[in-house]
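# Breakdown of the fold
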Amino acid sequence: MKHWMRLGFQVDAAGKVPVKVVARTFASGKTEKLIYQAFAELGLPSEKGDSMEKADFTFEKFVALYHKICPRNDIEELFQSITKGKSDAIGLIQFIDFLNDKQRDPRLNEILYPLYNEKRATEIIDEYEQDKDNRVRRRLSKDGFIRYLMSDDNAPVWLDRLDIYMEMDQPLSHYYINSSHNTYLSGRQFGGKSSVEMYRQTLLAGCRCVELDCWDGKGSDEEPIITHGKAMCTEILFKDVILAIRDCAFVTSDWPVILSFENHCCRAQQYKLAKYCDEILGDLLLKEPVPESPLEPGVPLPSPSQLKRKILIKNKRLKPDVEKQELELFRQGQFVITEDEEKEDASAPAAPLPDDKKETEVGASESRSLSFEEKMFQVYEYKGGTNHIHPWLSSMVNYAEPVKFQGFDVAEEKNIHHNMSSFAETTGLNYLKTSAIEFVNYNKRQMSRIYPKGTRADSSNYMPQVFWNAGSQMVSLNFQTPDLPFQLNQGKFEYNGNCGYLLKPDFMRRPDRTFDPFAESPVDGVIAAQCAVQVIAGQFLSDKKVGTYVEVDMYGLPTDTIRKEFRTRMVPANGLNPIYNEEPFLFRKVVLPDLAVLRFGVYDENGKLLGQRILPLDGLQAGYRHISLRTEANFPMALPMLFCNIELKIYVPDGLGGFMDALSDPRAFMSANKERDSKLKEMGIEESETSKAALTGGKPAPAPEEEVKREEMKFEPVTLESLRSDKAFAKATKKHQKDLETMRKRQQKEKATIQKNQVSAVERIVKGKNKEEFINDPALKQLVADQAKEWSELVGRHLKEEWTLLKEQLEAQQDILKTVMLGAQGAQLKLLDAKLEKENKDLKTRQAKMAVETAKEVASDKTLRNKAEKERRLREKNQNNTKKFIEERKITAMKQGKEKEKLMAMHAKQLEDLNRDIQLNIEMYKNAEVEYQLANPYEFFV
């Protein structure tokens with residue numbers, strides 16, 4: 001419709017539309033004869049020199065002409081596949097199935113995003129079907145189907161993403177902010193032209209942070225100027241820039257604008273900077289912090305909503321006590337400017353570097369001659385802004401106070417959220433390489449600004465994606481250069497109403513989450529995605545009869561970024577409606593869909609970019625979609641578009657497809673399994689043989705030899721009986737028995753000697769006496785009593801000696817048995833360790849074998865198109881294998897640990913039982929001794 005309206009304005013002197021002007025629309029793919037023949041068939045003037053009345057050239061006529069000259073054969077195939085080639089229209093049920101199976105993202109929640117039903121499908125038919133009879137019969141003709149596919153209802157992205165849909169009440173540091181670098185330049189960095197118009201265009205394009213390089217004006221009026229200092233660029237007045245900013249700041253967006261001052265002015269002219277900002281911007285300028293967000297440590301930045309339609313100044317600030325004192329003097333008219341700093345001249349050439357440095361710089365490029373521009377940039381040295389700040393300008397700085405970066409640890413310790421730092425792209429990359437997680441955490445709290453390195457004399461841009469991955473808010477680009485980085489920037493910020501603010505993902509905002517921008521595994525709480533893009537055809541790609549091809553790239557985390565790998569074949573000599581019908585380009589694993597974008601680039605046979613489009617993955621719609629293209633500078637193009645089929649899925653690692661199917665639709669999965677099992681049963685195959693295949697997505701179960709059958713090693717218990725059969729114990733027992741017998745013989749001999757002596761003593765007393773005399777003899781009675789006592793003491797001493805010896809022998813036996821038991825247990829542990837070591841070795845061998853088989857499988861996979869795709873697939877499989885291997889080793893180690901713990905527990909119990917048995921025997925002798933001591937004394941008589 002836009003193109004038809006444009007044609008309607010290209011009238012001749014008589015106010016008619018020339019036929020040749022309309023015919024030129026289709027000149028890139030058809031011959032003139034065929035084009036003019038189509039005009040005639042529609043009842044329009046058909047000669048090259050003819051013209052037609054605007055009233056006759058209706059939109060319906062133009063659409064009919066479009067379809068006649070450019071028949072949509074690509075959609076014809078899709079139409080036939082839906083109707084099964086049996087009808088000239090799509091039935092209601094067929095249309096509902098198409099909408100749910102092809103046009104709906106299967107990852108969507110069915111409650112929040114209900115499936116298409118008869119009511120919704122009928123509404124679509126009523127809106128796009130032109131034939132009344134088909135509408136009544138609830139059918140969709142091919143013409144109606146094409147109208148639907150090309151409508152806003154079938155847009156490639158969710159249309160609500162083009163409005164402001166993000167929460168805008170979080171701190172400024174939680175947003176990406178559309179930012180420009182050296183905004184005033186309309187061309188190269190050296191000798192380029194400065195223009196006020198660049199500020200208007202940049203702000204109207206959605207930019208929210210613009211840069212102003214402020215220098216002292218040299219005219220009689222000493223008006224501050226904006227230019228690229230010492231780089232021979234033209235100058236513009238600061239006042240004119242502020243006027244342009246006032247007029248355009250809030251045309252495209254109401255959200256806050258940040259003016260990034262690079263201030264080289266003396267304080268006298270800084271007064272003018274402050275004066276113009278105050279007078280021209282008025283209430284738009286944020287001069288005081290909002291009450292809810294005081295400038296204190298630990299206080300988060302205000303939200304975009306709190307700063308709506310406000311302009312912030314980013315400029316160096318005086319220390320609070322100095323600013324307060326000087327500002328008071330200024331307000332009283334007593335502030336005296338003593339220019340102790342040296343004035344800088346923006347037009348003065350850069351000072352040459354020392355000879356030794358110059359030789360080093362130039363020596364690196366001796367192999368080729370340097371241009372004048374390159375030579376000048378080799379001696380160009382950036383000089384930061386002044387530190388002598390006027391108190392009035394200083395007082396206007398609040399939530400964007402630049403400070404020298406001293407380290408992430410220092411910034412975290414200070415915890416001042418309104419402090420921010422700027423990094424050249426090279427410096428930022430170094431911090432990203434060495435302290436990626438710290439950089440992300442810094443950007444959760446404070447703002448950072450990234451700007452192109454100084455050697456980009458041609459105003460080229462760096463890739464912004466790498467710094468978005470780190471959470472940097474102001475990734476500043478040269479807006480005057482419509483290169484790929486600029487296209488990515490504008491494509492990304494097209495969403496959320498092109499307001500210039502995009503809320504960062506949750507894990508890049510929350511202090512309790514850790515995110516590594518170089519991670520290759522999915523982030524906790526984020527589901528990895530899989531995306532397949534089939535480029536089917538193009539329309540109106542060029543106004544020339546040239547060959548065309550399409551590249552599809554993805555930008556995101558380093559592991560998600562895929563460039564220059566997926567491109568269609570070249571369709572020769574047809575820029576009008578080439579048919580590609582490529583196999584789908586598969587982005588198998590997108591770790592972080594929230595940060596990923598797809599880029600479609602259309603090129604002619606000479607490599608010239610004909611059109612491009614950037615689509616964020618988190619807003620992409622699945623199905624058959626028409627993707628309208630943009631120019632190199634990201635302006636919409638009326639007719640050029642691509643027809644693609646996009647499939648979006650949850651990424652499922654290898655081998656888990658069956659589980660995924662079962663989880664996503666358990667009823668359908670079980671129903672399919674039952675149906676399959678019943679059919680297999682009829683063939684005589686039992687259910688047990690197929691159960692494993694069902695859970696592995698239909699893949700056969702591993703062969704028995706591949707299964708890991710792990711059995712615990714059984715050990716004979718180490719008992720007291722088995723220990724007593726040991727040679728060392730038997731030898732010790734024999735020696736103990738011999739010692740006991742020797743002691744008993746000695747005791748017996750001692751008893752016999754005492755007995756003999758006692759008998760002799762009695763015989764001496766009774767000698768020569770009769771029975772009655774020695775019975776009543778007191779001396780005999782005393783002797784017998786003494787002898788009884790002596791004998792009793794002897795028997796008691798002998799018992800104690802025997803008990804003591806037996807206890808000592810038991811303790812010695814205990815030590816021997818312990819040693820034997822520990823030896824036996826040690827041997828069992830060695831056997832177990834050897835078995836476990838063999839298991840680990842076998843596990844590593846199996847894993848190494850699997851790694852080799854994986855490499856062979858990837859190398860022989862014909863579906864992988866190029867080396868990079870094979871390497872990526874191999875890397876992905878190896879990552880999955882590594883996770884699996886680690887899990888296997890963890891499980892094996894856990895099982896082995898339990899087995900070893902079980903054996904050691906059994907050993908501990910055996911040792912405990914041994915100690916208890918020995919102690920019981922020792923206690924028996926101790927108890928006998930105690931009983932003997934507590935009992936009445938025995939008297940023994942000979």
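Residues numbered from 1 in each chain as written. Predicted model: local features only at pLDDT ≥ 70, side-chain atom pairs only at ≥ 80, totals over all residues. Heavy atoms only, no water.

## Digging into the overall build of the chain
On a plain count of helices and strands, the chain comes out with 29 helices and 23 strands. For the chain, the proportion of its 942 residues judged to be buried stands at 47%. Accessible surface, the chain as shown: approximately 48800 Å² in total, 53% of it carbon and sulfur. (Helix = DSSP H or I, 4+ residues; strand = E, 2+ residues; numbered from the N terminus. Buried < 20%, exposed > 50% of the residue type's maximum accessible area, 1.4 Å probe, protein only. Areas by Shrake-Rupley, 256 points an atom, 1.4 Å probe, with all protein chains shown as cover.)

## Digging into the pairing of strand E14 (residues 474-477)
Side chains Met474 and Ser476 project from E14 onto one buried face, and the interleaved Val475 and Leu477 project onto a second face that is buried too. With 2 bridges joining them, strand E13 (residues 448-451) and E14 adopt parallel strand pairing. Along E14, the bridge assignment pairs Ile450 with Val475. (Pairing = 2+ DSSP bridges.)

## Things to note about the pattern of salt bridges
Using the criterion set out here, one finds 43 salt bridges in the structure. For the salt bridge of Asp506 with Arg510, the shortest nitrogen-to-oxygen distance reads 3.3 Å. Judged by relative accessible area, Arg510 falls into the partly exposed class, the value being 32%. We note a salt bridge from Arg872 to Glu565, for which the minimum N-O separation is 2.9 Å. Taken together, the positions of Arg872 in helix H29 (residues 867-934) and Glu565 in strand E18 (residues 562-567) put the pair 307 residues apart, joining distant regions of the chain. For Glu565, a relative accessible area of 17% puts it in the buried group. One network of salt bridges, in which partners are shared, links Asp506, Arg510, Asp512 and Arg513. (Salt bridge = Lys/Arg side-chain N within 4 Å of Asp/Glu carboxyl O.)

## Examining helix H1 (residues 2-9)
For H1, the full list of buried residues reads His3, Leu7 and Gly8. Burial along H1 is one-sided: seen end-on, the buried residues are contained in an arc of 145 degrees. The outward face of H1, more than 90 degrees from its buried face, is lined by the exposed residues Lys2 and Phe9. The secondary structure elements touched by the buried residues of H1 are strand E1 (17-18), helix H2 (19-23), helix H4 (59-69) and strand E23 (636-650). (Arc of directions from axis to C-beta. Contact = heavy atoms within 4.5 Å.)

## Thoughts on the environment of Leu329
By secondary structure assignment, the location of Leu329 is in helix H13 (residues 320-331). On a C-alpha basis, the gap between Leu329 and Pro391 in space is 9.4 Å, while along the polypeptide they are 62 residues apart. What Leu329 contacts, discounting residues up to four positions off in sequence, is Gln334 and Phe335.

## Some thoughts on the environment of Tyr925
By secondary structure assignment, the location of Tyr925 is in helix H29. C-alpha of Tyr925 to C-alpha of Leu806: the two residues are 119 residues apart in sequence and 7.9 Å apart in space. Dropping the residues within four chain positions of it, Tyr925 is found in contact with Trp803, Leu806, Lys807 and Leu810.

## Description of the confidence of the model for the chain
Within the chain, residue pLDDT values average 85, and 89% of them lie at 70 or more. Confidence drops under pLDDT 50 across residues 352-367; counting only partners more than four residues distant or on other chains, this segment forms 13 contacts. (pLDDT = per-residue confidence, 0-100.)

## Looking at the side chain of Lys877
Note that Lys877 resides in helix H29. By relative accessible area, Lys877 is classed as buried at 9%. A polar contact of 3.4 Å, which involves the side chain of Lys877, links it to the side chain of Glu857. (Polar contact = N/O pair within 3.5 Å; in protein donor to acceptor, adjacent residues only side chain to side chain.)

## So, the nonpolar core
If you look at the biggest cluster of nonpolar residues, it comprises 49 residues, and the most contacted ones within it are Tyr501, Phe515 and Leu592. Elements supplying a minimum of two residues to this core: strand E5 (175-180), helix H17 (408-414), strand E12 (419-424), helix H19 (436-445), helix H20 (465-468), E14 and strand E15 (501-503). Sort the elements by how many residues they give to this core and H19 lands first, with 4 residues. Sequence-distant contacts of Leu592, defined by excluding residues within four places in its chain, comprise Phe507, Phe515, Val523, Val526, Leu557 and Asp560. (Core = buried A, V, L, I, M, F, W, Y, C linked by side-chain atoms within 4.5 Å.)

## Digging into empty space enclosed by the protein
Taken as a whole, this structure holds 2 cavities of 30 Å³ or more when the rule is applied. The calculated volume of the second largest cavity comes to roughly 30 Å³. When residues of the lining of the second largest cavity are traced back to their parent elements, those giving at least two are helix H5 (73-83) and strand E16 (529-539). (1 Å grid on protein atoms, 1.4 Å probe; cavity = no way out; pocket = protein on both sides within 12 Å on 5 of 7 lines; lining within 4 Å. Points joined across faces, edges and corners; volume = space filled by probe spheres on them.)

## Some remarks on a negative patch on the surface
Together, Asp409, Glu412, Glu413 and Glu438 make up a negatively charged patch on the protein surface. Examining the composition of the negative patch, we find that 3 residues originate from one element, H17, more than from any other. Its place among the elements puts Glu413 in helix H17. For Glu413, a relative accessible area of 70% corresponds to the exposed category. (Patch = residues over 30% accessible without salt bridge, like charges linked within 9 Å, V, L, I, M, F, W, Y side chains within 5 Å. Lys, Arg positive; Asp, Glu negative; His and termini not counted. Charge placed at Lys NZ, Arg CZ, Asp CG, Glu CD.)

## Side note on the packing of aromatic side chains
By the definition in use, this model includes 35 aromatic pairs. Through successive ring pairs, a cluster of aromatic residues spans Phe79, Phe95, Phe98, Tyr128, Phe145, Tyr148, Tyr624 and Phe643. Seen from the ring of Phe643, Arg72 lies directly overhead, with NZ or CZ sitting 5.4 Å from the centre. Stacked on the ring of Trp468, the Lys or Arg Lys492 has its end atom at 4.9 Å from the ring centre. (Phe/Tyr/Trp six-rings, centres within 6.5 Å; stacked < 30°, edge-to-face > 60°. Lys NZ or Arg CZ within 6 Å of the ring centre and 35° of its normal.)

## Digging into H13
For H13, with 12 residues, the first-to-last C-alpha span of 16 Å sits near the 16 Å given by 1.5 Å per residue. For H13, the complete set of buried residues consists of Glu323, Glu326 and Leu327. One face of H13 carries all of its buried residues, which in axial projection span an arc of 105 degrees. Pointing more than 90 degrees away from the buried face of H13 are the exposed residues Asp321, Lys324 and Gln325. Close packing links the buried residues of H13 with helix H12 (267-281) and helix H16 (391-395). Within two residues after H13, Gly333 carries a phi angle of roughly 75 degrees, on the positive side. (Expected span 1.5 Å × (residues − 1).)

## Overview of the pairing of E13
Both E12 and E13 contribute to a ladder of 4 bridges, which runs parallel. Looking at the pairing, Ser422 lines up with Arg449 of E13.

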